[in-house]
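Descriptive analysis of the structure
Residue strings, one per chain:
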Amino acid sequence: MFADTPIDSIVFNDQQVFVKRDDLLSKEFSGNKARKFAYFLENDFPGKTGLVGHGSPVANSLYSMSALAKLKGVSLDFYVDHIAEQVLQSTTGNYAESIANGANVIDVSKCEDRDDLSVIEYIQQKVLPDNEHLLFVPEGGRCEYARFGVHKLAQEIIDWSQQQSLPMVHVFLPSGTGTTAVFLSEYLTLHSDNIKVFTCACVGGDDYLQLQFDELLADRSLHPTIVDLGKKYHFGKLYKPFYDMYNQLLASGIEFELLYDPLGWMCVEKLIQQNTMMPNNSSSSAATILYIHQGGLLGNETMLPRYQRKYG
Ligand SMILES: *Cc1c(COP(=O)(O)O)cnc(C)c1O
């Protein structure tokens, strides 16, 4: 379905860092979600006439699911906890584009039969029963189905590392649910002996992320290494260092998104420091760093104006 994505490189803090351009995977899908939804793209779901999803009304996953549903000719009912007035009024970004794709975004706080149920309980108790024609996709594509597309990404990385004859590769990608990182690490640990996966928790903390890994994959020896900066950043909030990092990367030639990537690159900064500060570690034996650009640029249409208002 998708061609292999290119690998570029940028100079970051005086060091060459390679970037896997999954942001170029597909116009319709954020790179990360395209990998996680590849199974659905390549397989039909007989008897299903609609997708059911849930999560944030400004998420990349809403937009990607709306694109998937449109492509497959099925409906999308996407359940959310609440929609802010300013999101309802937006004309660009994930929410607006999803509505344009035909998504039904359902605000559960406005459903009269809610009875104190969480969004996920509401779906399980009120939506899915007696509706065999609906296919439920957990938040952010956090499910077994994601393995298929993420393993293909992993194989592309192995092929590249072999072509370049790299002795050691450290792959870095920032995590939300951790689904991409854990399945990537699973495949790379089993199919290579010189590639290791590092990630960081952008949503919740390290404990939350570890829990996500454990739920998806019992064998901890296959899990990625979690990098921690020792400071808590709340998902979706604005931080000056994030904006500075975004601008630094933009000046190096590649635009990244503003929710996950700034924290991701701050962790890469730390990895580089550790790598070069290791005793007896000449730069030739230091690992090559490969950062996975997971797309999400559509979200910048709403995030950038917020940053510009706050920091100029
Ligand atoms: C969804 C998303 C993530 C998080 O992916 P997980 O598999 O949930 O960890 C990271 N970056 C971008 C751009 C995303 O859209």
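Per an unreviewed UniProt entry, the chain is named Pyridoxal-phosphate dependent enzyme, and its organism is Shewanella fidelis. Under the Cofactor (unreviewed entry) heading, UniProt states for the chain: "pyridoxal 5'-phosphate". Under the UniProt heading Sequence similarities (unreviewed entry), the entry covering the chain gives this text: "Belongs to the ACC deaminase/D-cysteine desulfhydrase family."

**Structural notes on the pairing of strand E5 (residues 104–107)**
A one-sided burial pattern is seen for E5, the buried positions being Val105 and Asp107 and the unburied ones Asn104 and Ile106. Where strand E4 (residues 75–80) meets E5, four bridges bridge the pair, whose relative direction is parallel. Across the sheet, residue aspartate 77 finds its bridge partner in E5, namely asparagine 104.

**Details of the UniProt feature "domain: Tryptophan synthase beta chain-like PALP" (unreviewed entry) in the chain**
Look at the UniProt record and you will see "domain: Tryptophan synthase beta chain-like PALP" (unreviewed entry) annotated at residues 15–208. Annotation note: span residues 15–208, helix share 41%, strand share 20%, distance between end C-alpha atoms 32 Å.

**Examining the UniProt feature "modified residue: N6-(pyridoxal phosphate)lysine" (unreviewed entry) in the chain**
Sites flagged by UniProt as "modified residue: N6-(pyridoxal phosphate)lysine" (unreviewed entry) map to Lys33. Of note, lysine 33 is situated in helix H1 (residues 31–36).

**Some points on the sheet that holds strand E1 (residues 7–12)**
Within a sheet, each strand pairs with its neighbour through backbone hydrogen bonds, oriented either parallel or antiparallel. On the basis of which strands lie adjacent, the open sheet formed by six strands has the order E1-E2-E10-E7-E8-E9 and mixed pairing. With one partner strand each, in any of the chains shown, E1 and strand E9 (225–226) form the two edges of the open sheet. The pairing of strand E7 (residues 169–175) with strand E10 (residues 288–293) spans four bridges and is classified as parallel. Across the sheet, residue valine 169 finds its bridge partner in E10, namely threonine 288.

**Observations regarding the domain arrangement of the chain**
Here the domain parsing of the chain yields domain 1 (7–28 + 146–311) and domain 2 (49–132). Each of domain 1 and domain 2 has a C-alpha centre, and the two are 28 Å apart. Opposite the seven residues of domain 1 that make contact, domain 2 presents seven residues. Contact with domain 2 buries area across many residues of domain 1, yet Glu28, Leu298 and Glu301 alone supply 62% of it, more than any other trio.

**Observations concerning the packing of aromatic side chains**
The geometry of an aromatic ring pair is captured by two quantities: the separation of the ring centres and the angle between the planes. Enumeration according to the criterion identifies 21 aromatic pairs in this entry. With 4.8 Å between their ring centres and 55° between their planes, phenylalanine 12 and tryptophan 265 make a pair best called tilted. With phenylalanine 12 in strand E1 and tryptophan 265 in helix H11 (residues 261–277), this residue pair connects regions lying 253 residues apart in the sequence. Owing to a relative accessible area of 0%, phenylalanine 12 belongs among the buried residues under this scheme. With centroids separated by 4.3 Å and ring planes inclined at 15°, the aromatic side chains of tryptophan 265 and tyrosine 291 adopt a geometry described as stacked. Here tryptophan 265, found in helix H11, pairs with tyrosine 291, found in strand E10; they are 26 residues apart in sequence, far enough to count as distant. Accessibility expressed as a relative area gives 0% for tryptophan 265, which makes it buried. Grouping aromatic residues by their ring pairs yields a cluster made of Phe37, Tyr39, Phe40, Phe45, Tyr145 and Phe148. The cationic tip of lysine 72 hangs over the ring face of phenylalanine 45; the distance from NZ or CZ to the ring centre is 5.4 Å. Across the ring face of tyrosine 233, the terminal group of lysine 231 is positioned such that the distance to the ring centre comes to 4.8 Å.

The rules behind these values
Residue numbers run consecutively from 1 along every chain, following the written order of its sequence. Since the coordinates come from a predicted model, pLDDT governs what is reported: local features require at least 70, and pairs of side-chain atoms require 80 or more to be given and counted, while whole-chain, interface and lining totals use all residues. Side-chain descriptors were evaluated using all non-hydrogen atoms of the structure, hydrogens and water having been removed beforehand. UniProt positions are given in the numbering used here, feature names are shortened, and annotations may be inferred rather than shown by experiment. Note on classification: 1.4 Å probe, protein chains only; a residue is buried when its accessible area is under 20% of the maximum for its type, exposed when over 50%, partly exposed between these limits. Runs of H or I in DSSP of at least four residues are treated as helices and runs of E of at least two as strands, each being numbered from the N terminus. For two strands to be treated as a pair, DSSP must find no fewer than two bridges joining them. Boundaries of every domain are those given by an automatic assignment or by a domain database. In this description, contact between two residues means that some pair of their heavy atoms is separated by no more than 4.5 Å. Accessible-area loss on putting two parts together, using a 1.4 Å probe and summing over both, is the definition of buried area adopted here. Side-chain rings of Phe, Tyr and Trp, where Trp is taken by its six-membered ring, are said to pair if the distance between their centres is within 6.5 Å; with planes under 30 degrees apart they count as stacked, over 60 as edge-to-face, and otherwise as tilted. To sit over a ring, a charge needs its Lys NZ or Arg CZ within 6 Å of the ring centre and within 35 degrees of the ring normal.

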